[in-house]
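Here is how the chains run, residue by residue.
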Amino acid sequence: MTNQELYNAIFKRKSVRKYDMTPLSEEILDEIKSYVDNLMPLIDNIRYSISFLSEVDTKLLIPVKFAPHYICIYSEKKDGYLTNAGFLLQQIDLYLSARGIGSCWLGFFKPKKEVNTQNGLEFVILLAFGNPKESVHRKSISEFSRKSISEISLIKSAEKLLEPVRLAPSAINSQPWFFSGDLNEIIVSRQKLSKLKAPFVDRYNQIDIGIALYHLWLSLEHEGNAATFDFNCADAPEGYEFIVKVIAKEK
Ligand SMILES: Cc1cc2nc3c(=O)[nH]c(=O)nc-3n(C[C@H](O)[C@H](O)[C@H](O)COP(=O)(O)O)c2cc1C
């Protein structure tokens, strides 16, 4: 799978919520597993592991069989671990979509108790996947329900660069990201939470930022730029919290 194919998937992917419960073939599962073995982390020194499950629990106490397969990410709890997890699993979400396999991020599901931790790592989030029983792709950009570029960015002439980032999925479609700075040094921040919002939104929004950062990495790559991530604190616009400065350099 090339980065160009993953980039193309951004413009048509969607969450799939209806699945054929027949498991995928061992051959396809093995291909997915070897892709997963070579993911690129956002932050190098955070230990994580990924496991494949065929059964999970819901946090809502309603037993639901959602999909035939689930990919769970477990992580060491260090600064940025939620954002790192989002960055990692979004690589799989796009890979599956590019292959015509359905997937959906699930915040309200968790592994069964006995597999809730792995080698001392904490369960973070999971992605359901399998053969779709509904269309796996959108036919046009107009089918995405998203904020406009002007609502999420102050950067001049960044429409092309940020379009694939604007289309990133997020928990309850909250789209908490904001972009300022310039095309060479992009400041990525996230909306500060109002006191009214539940604490779980804070956790999911950190994952969302990781998802958007992977889309930004692919978009920079598509334009012939290499991205490096600088987590040293910088100013963010009023109402936003600084997350990372993304430095773009021509390759
Ligand atoms: C961190 C995260 C958690 C999510 N949790 C759920 C969930 O529990 N149930 C669900 O149906 N969709 C869930 N979603 C999917 C979002 O609702 C979806 O990505 C968003 O509405 C945008 O729609 P799209 O993915 O079809 O483009 C989640 C997405 C993310 C990124």
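Residues numbered from 1 in each chain as written. Predicted model: local features only at pLDDT ≥ 70, side-chain atom pairs only at ≥ 80, totals over all residues. Heavy atoms only, no water.

Identification of the protein as Nitroreductase from Ruminiclostridium herbifermentans is taken from an unreviewed UniProt entry. Quoted verbatim from the Cofactor (unreviewed entry) field of the UniProt record, the comment on the protein reads "FMN". Quoted straight from UniProt, the Sequence similarities (unreviewed entry) entry for the protein says "Belongs to the nitroreductase family." (UniProt positions renumbered as here; feature names shortened; annotations may be inferred.)

(A) Spatial organisation of the packing of helix 2 (residues 26-36) against helix 3 (residues 81-98). In contact at an axis separation of 11 Å, helix 2 and helix 3 are set at 145° when each is read in the N-to-C sense. The chirality of how helix 2 crosses helix 3 is right-handed. Of the residues in helix 3, those in contact with Glu31, Ile32, Tyr35 and Val36 of helix 2 are Gln91, Ile92, Tyr95 and Leu96. Across the contact of helix 2 with helix 3, the residue classes break down as 6 nonpolar, 1 polar and 1 charged. (Axes fitted to C-alpha atoms, helices over the stretch in contact; angles between N-to-C directions. Helix = DSSP H or I, 4+ residues; strand = E, 2+ residues; numbered from the N terminus. Left-handed = near helix turned anticlockwise from the far one by under 90°. Contact = heavy atoms within 4.5 Å. Nonpolar A, V, L, I, M, F, W, Y, C, P; charged D, E, K, R; others polar.)

(B) Structural detail: the site of the ligand. Every one of the 18 residues lining the ligand counts as a neighbour, but Arg13, Ser15, Arg17, Arg138 and Arg146 are closest to it. In this structure, Arg13 approaches the ligand through a side-chain N or O atom, which is 2.8 Å from an oxygen atom. Taking Trp105, its main chain carries an N or O atom lying 3.3 Å from a nitrogen atom of the ligand. Compared with its free state, where it exposes 620 Å², the ligand has 86% of that area covered by protein. Applying the majority rule of atoms within 2 Å of the grid points places the ligand in the largest pocket. Contributing elements (two or more residues each) for the shell around the ligand: strand 4 (102-106) and helix 6 (199-222). (Near = heavy atom within 4 Å. Polar contact = N/O pair within 3.5 Å; in protein donor to acceptor, adjacent residues only side chain to side chain. Areas by Shrake-Rupley, 256 points an atom, 1.4 Å probe, with all protein chains shown as cover. 1 Å grid on protein atoms, 1.4 Å probe; cavity = no way out; pocket = protein on both sides within 12 Å on 5 of 7 lines; lining within 4 Å. Sits in = over half its atoms within 2 Å of the grid points.)

(C) Expanded view of the layout of surface pockets. Roughly 540 Å³ of volume is contained in the largest pocket. What lines the largest pocket is a set of 25 residues, and nearest its centre among them are Arg17, Trp105, Ser170, Ala171 and Ile172. Of all the elements, helix 6 adds the most residues to the lining of the largest pocket, at 5 residues. Residues belonging to the lining of the largest pocket are distributed by class as follows: 14 nonpolar, 5 polar and 6 charged. Inspection of the lining of the largest pocket shows a minimum of three residues originating in each of domain 1 (3-130) and domain 2 (145-250). (Points joined across faces, edges and corners; volume = space filled by probe spheres on them. Domains from an automatic or database assignment.)

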